[in-house]
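# Close look at the chain arrangement
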Amino acid sequence: MNSSYIEISQSSYQQNLQFLRKVAGKHAEVSLVVKGNAYGHGIEVMVPLACEQGFSHFSVFNYEEALRVKNVAKEDSDVMIMGFFAKEDTENVIQRELSFFVFDMERLDEAVNASERVGKKARIHLEFDTGMNRTGFSPKKATELIEYVKKHEKYLSLEGVCSHLAGAESIGNYVRIKRQVKHYNRILNEFDAKGLTPKFKHLACSAAAIRYPSLRYDMLRLGILQYGFWPSREVFIEYLNKRKRKIDPLQRTLSWKTQVMTKQSVKGGEYVGYGTSYLANQEMQLAILPIGYGHGFSRLLSNQGRVILNNNRTNVVGMVNMNAITVDITNIPNINIGDEAILIGSSADTEISVSSFGEMSTQMNYELLTRLPLDIPRKIVA
Ligand SMILES: *Cc1c(COP(=O)(O)O)cnc(C)c1O
């Protein structure tokens, strides 16, 4: 049996999705980015909820995730692979009508060859590297690629022309982003001029969607916002400053909970747990929770993490172990074995956000969330 579980709030998720619709406006499609097991929330939980709200475009990193989405999404949903699949899976990808990023000639040639074998068009998004220096064709290749796609139009359906921005969540990257946009627009102009129009032009992730409405084009690829998190504090503050109503439109959708496994007391002057990382100044009451780094509760949270017990926030004392942590309950009365402990989430008066998990920056949201193991049960709550 699992020693912890994750709750997903359906109403919070719905509210976030409504906000995404507003951000996208009337003309841009929203592709919900559900890579990394829907940022740790669980593909099998989130995708059906999103379908109920009328969303039908999903983005993943690899083929395996795409299959998981396909399994639980509505029949007519579109799934876009932004990253990896093995060359041997190209035919499967085409057969299942998944669309996919193409960022080098090897994949483009293989798309054509596999399409011929399967007898279906490959639904491709040409990805350009406009300055991120990760994946994508050089903008200089645009002319050649346009010719290539036209020549092979029997095998290729041009779903998208896209690129990815290198850090739209920070104003410090503004100059770099601006250059990327310039390159991207030039590429689009060339496609237009040569009469090759993709179904979707798409560039923006969450931060860009909030910050630069002019970058919406035909589609937004939105990840972190849908789960109730801002890409960075900076984006949140900038958003609020532009509004009259200073209210956060997003709600966290995920809570992570466990329970008190046992209790313990320690005398003043004794060390708690392995080694000498925590010395009790005085007699302390402790609760032991059955959760550790083996369950995704990072060792970095040793002597740092926070937990809510009986509506009180308290601290992890000593090292995070593989399967257990120890927390201080000296000043929290009435804690019993079996009581609920909140690792991420809120109680009546207090909250532990993912980012205050330790004293880490919001940038860490992405990492902490996606590290939540697949096998923790996910439950939907109202
Ligand atoms: C992860 C990812 C996104 C979504 O980013 P968020 O900041 O979570 O909105 C968009 N596009 C690409 C290519 C990505 O890899």
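In case you missed it, the structure is sitting above this.
Because the structure is a prediction, the values reported are computed rather than measured.

## Some thoughts on unusual backbone geometry
- The phi angle at Asn-37 is positive, at roughly 55°, despite the residue not being glycine.
- Look at Asn-37 and you get buried, because its relative accessible area is 8%.
- One non-glycine residue, Asn-303, lies in positive phi territory at about 55°.
- Mapped onto the fold, Asn-303 is located in the loop between β12 (284-289) and β13 (306-309).

## Quick notes on helix α6 (residues 105-118)
- In this model, α6 (14 residues) spans 20 Å end to end at C-alpha, consistent with the 20 Å of a helix rising 1.5 Å per residue.
- Turning to α6, its buried residues number three or more, namely Arg-107, Leu-108, Glu-110, Ala-111, Val-112, Ala-114 and Ser-115.
- Its buried side turned inward, α6 meets α5 (90-95), β5 (99-102), β6 (122-127), α7 (142-151) and β7 (156-162).
- Just past α6, the residue Gly-119 takes up positive phi, approximately 85°.

## Notes on helix α8 (residues 174-193)
- Across its 20 residues, α8 extends 28 Å between first and last C-alpha, which sits within 8% of the 28 Å expected from 1.5 Å per residue.
- For α8, the full list of buried residues reads Ile-177, Gln-180, Val-181, Tyr-184, Ile-187, Leu-188 and Phe-191. What you see down the axis of α8 is that its buried residues fit within an arc of 125°, all on one side. Among the exposed residues of α8, those pointing more than 90 degrees away from its buried face are Val-175, Arg-179, Lys-182, Arg-186, Asn-189 and Ala-193.
- In this fold, the buried residues of α8 make contact with β6, α7, β7 and β8 (200-202).
- Gly-195 sits one or two residues past α8 and shows a positive phi near 75°.

Thresholds, definitions, all that
Residues numbered from 1 in each chain as written. Predicted model: local features only at pLDDT ≥ 70, side-chain atom pairs only at ≥ 80, totals over all residues. Heavy atoms only, no water. Buried < 20%, exposed > 50% of the residue type's maximum accessible area, 1.4 Å probe, protein only. Helix = DSSP H or I, 4+ residues; strand = E, 2+ residues; numbered from the N terminus. Expected span 1.5 Å × (residues − 1). Contact = heavy atoms within 4.5 Å. Arc of directions from axis to C-beta.

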